Amino acid sequence: MSPITMSLFYSSLGLGTMMAFASNHWLLAWMGIEINTLAIIPLMIQNPHPRAVEASTKYFFAQTIASALLLFATLSNSILTGEWNIPLVSHPVPSTLCILALAMKLGLAPLHTWLPEVIQALDLRTALVLSTWQKLAPLYLMYQIPLANQNLFLSLGLLSIIVGGLGGFNQLQLRKVLAYSSIAHLGWIVLVLPIMPPLALLALYTYLLMSTALFLSLMTLRAKHISSLSISWAKVPAFTAILPFILLSLGGLPPLTGFAPKWLILLSMVKEALILAAVIAILSSLLSLYYYLRLFYTSSLTTPPNNPPGTLPWRLRPRYNTLIPALVITATIALLPLTPAILTYLTW
């Protein structure tokens, strides 16, 4: 694919998201989401491999079903209430259908089955876009919908955290591990969205930062399988040394950046007397922490290489500029002391 064509599709992705952000009418927001969907499909099949074609077909059908359900819900709301404005979805049935449609677009459990299979068949750059940028517009629309039933958000969030933790077990492909990690982190965001939206925004920013850092690191290491991490020290030693800290930050361990949103989310849930949900979220996050530690063990120097020394790929020159990964990784590791200032800015 030529650079001009690729820049055109990436510009369409930005246009669709900005259109969804700027619209107050359901039809315009729906059009923005559809522009997003249609713009990323050519990026999925830029390498015409059968698995990429299969993944783009699965993605198209899943997004089409979600878009049809969203359009049906907004039409039902306009018939029942006479309103097309996004914040005025007052009837409980259209409101619930809108949330479920957006949850399917995000890949939240139990509507998540398309996400791991699609990400598994994509290259890391397109998987990064699908895991980060494509989540912004549905999350914004979900935030705009008036809260009719908090239990729906709690159910979606807890199910996503549990499924994201259980699904990553015994996975050998790094992209599937990243897909289930995305499901689990989106569950944390949706869990706190009806309780404290600024905290959900902080969790979203942290998730985008950590996911970008991990994807860029794997792109630099050219690693797609867990076993390839054990020989990454021979490719880019600096990234091999930093990768365990990124994984521990994704797991939410202090004193790294990923600890702050999970800790604050649990505090806000305890203040709202949602103690049982907080306990379930904590126990389920331990499942995610297990496969992060598994990757940490594989990527560190404690695991010997599993192939003969003669076939080791020696140090490679990075294909991309390493300045942006360095900045993102630094923020992923060391932003915890700035969390109070960031949260104050978001709530201001």
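These numbers were taken from a predicted model, which means no experiment stands behind them.

Draft legend 1. Examining the nonpolar core more closely. Ranked by internal contacts, the top residues of the largest apolar core, which has 52 residues, are Trp26, Met142, Ile189 and Met269. Looking at which domains feed residues into this core, each of domain 1 (1–148) and domain 2 (155–306 + 322–347) gives three or more. Ranked by size, the runner-up nonpolar core spans 51 residues in total, among them Ala39, Leu178, Met210 and Leu229.

Draft legend 2. Layout of the packing of helix α10 (residues 197–221) against helix α13 (residues 259–271). The contact between α10 and α13 brings their axes to 10 Å, and the two run at 160°. It follows that α10 is roughly antiparallel to α13 by the angle criterion. The interaxial crossing formed by α10 with α13 has left-handed handedness. In this structure, α10 contributes Leu199, Leu202, Ala203 and Thr206 to the contact, and α13 contributes Pro261, Leu264, Ile265 and Ser268. Partitioned by chemical class, the residues of the contact of α10 with α13 number six nonpolar, two polar and no charged.

Draft legend 3. Highlighting the domain arrangement of the protein chain. Domain assignment breaks the protein chain into domain 1 (1–148) and domain 2 (155–306 + 322–347). Placing a centre on the C-alpha atoms of domain 1 and another on those of domain 2 gives a separation of 23 Å. Domain 1 puts 27 residues into the contact, and the matching count from domain 2 is 28 residues. Buried area between domain 1 and domain 2, summed over both chains or domains, comes out near 2,500 Å², and the portion from carbon and sulfur atoms is 81%. Here domain 1 is connected to domain 2 by one salt bridge. Note that Glu117 is salt-bridged to Lys176, the shortest N-O span being 3.2 Å.

Draft legend 4. Fine view of helix α4 (residues 92–106). A rise of 1.5 Å per residue sets the reference length of α4, with its 15 residues, at 21 Å; its end C-alpha atoms lie 21 Å apart and thus fit the reference within 8%. Taken across its 15 residues, α4 has eleven buried, putting it largely inside the fold. Listed in full, the buried residues belonging to α4 are Pro94, Ser95, Leu97, Cys98, Ile99, Ala101, Leu102, Ala103, Met104, Lys105 and Leu106. Positioned one or two residues after α4, Gly107 has a phi angle of 90°, which is positive.

Draft legend 5. Broad picture of the packing of aromatic side chains. As enumerated under the stated definition, the model contains six aromatic pairs in all. Look at Phe169 and Tyr290: their rings are 4.7 Å apart centre to centre, the planes differ by 20°, and that puts the pair in the stacked class. Taken together, the residues Phe169 in the loop between α8 (150–167) and α9 (174–192) and Tyr290 in helix α14 (residues 275–299) connect sequence positions 121 residues apart. Overall, Phe169 belongs to the partly exposed group, its relative accessible area being 27%.

Draft legend 6. Inspection of the environment of Leu28 at higher detail. By the secondary structure assignment, Leu28 is in helix α2 (residues 26–44). Separated by 94 residues in sequence, Leu28 and Leu122 place their C-alpha atoms 29 Å apart. Those residues in contact with Leu28, other than ones at most four positions away along the chain, are Met19 and Ser23.

Draft legend 7. How the structure looks around a nonpolar patch on the surface. Nonpolar side chains collect at one region of the surface, where Val270, Ile275, Val279, Leu283 and Leu286 lie side by side and expose about 450 Å² of accessible area between them. Element by element, the count of residues in the nonpolar patch is highest for α14, at four residues. Take Val270: it is sitting in helix α13. Taking the relative accessible area as the measure of exposure, Val270 reaches 45% and is therefore partly exposed.

Draft legend 8. Quick look at unusual backbone geometry. Residue Pro110 follows Ala109 across a cis peptide bond; omega there is 5°. Structurally, Pro110 is set in the loop between α4 and α5 (114–120). Between Pro254 and the following residue, Pro255, the backbone shows a cis peptide bond with an omega angle of 5°. Mapped onto the fold, Pro255 is located in the loop between α12 (237–251) and α13. A positive phi angle is found at Asn170, which is not glycine, with a value near 60°.

Rules and cut-offs
Residues numbered from 1 in each chain as written. Predicted model: local features only at pLDDT ≥ 70, side-chain atom pairs only at ≥ 80, totals over all residues. Heavy atoms only, no water. Core = buried A, V, L, I, M, F, W, Y, C linked by side-chain atoms within 4.5 Å. Buried < 20%, exposed > 50% of the residue type's maximum accessible area, 1.4 Å probe, protein only. Domains from an automatic or database assignment. Axes fitted to C-alpha atoms, helices over the stretch in contact; angles between N-to-C directions. Helix = DSSP H or I, 4+ residues; strand = E, 2+ residues; numbered from the N terminus. Parallel < 35°, antiparallel > 145°, perpendicular 65-115°, else oblique. Left-handed = near helix turned anticlockwise from the far one by under 90°. Contact = heavy atoms within 4.5 Å. Nonpolar A, V, L, I, M, F, W, Y, C, P; charged D, E, K, R; others polar. Buried area = accessible area lost by both parts, 1.4 Å probe. Salt bridge = Lys/Arg side-chain N within 4 Å of Asp/Glu carboxyl O. Expected span 1.5 Å × (residues − 1). Phe/Tyr/Trp six-rings, centres within 6.5 Å; stacked < 30°, edge-to-face > 60°. Patch = residues over 30% accessible without salt bridge, like charges linked within 9 Å, V, L, I, M, F, W, Y side chains within 5 Å. Areas by Shrake-Rupley, 256 points an atom, 1.4 Å probe, with all protein chains shown as cover.

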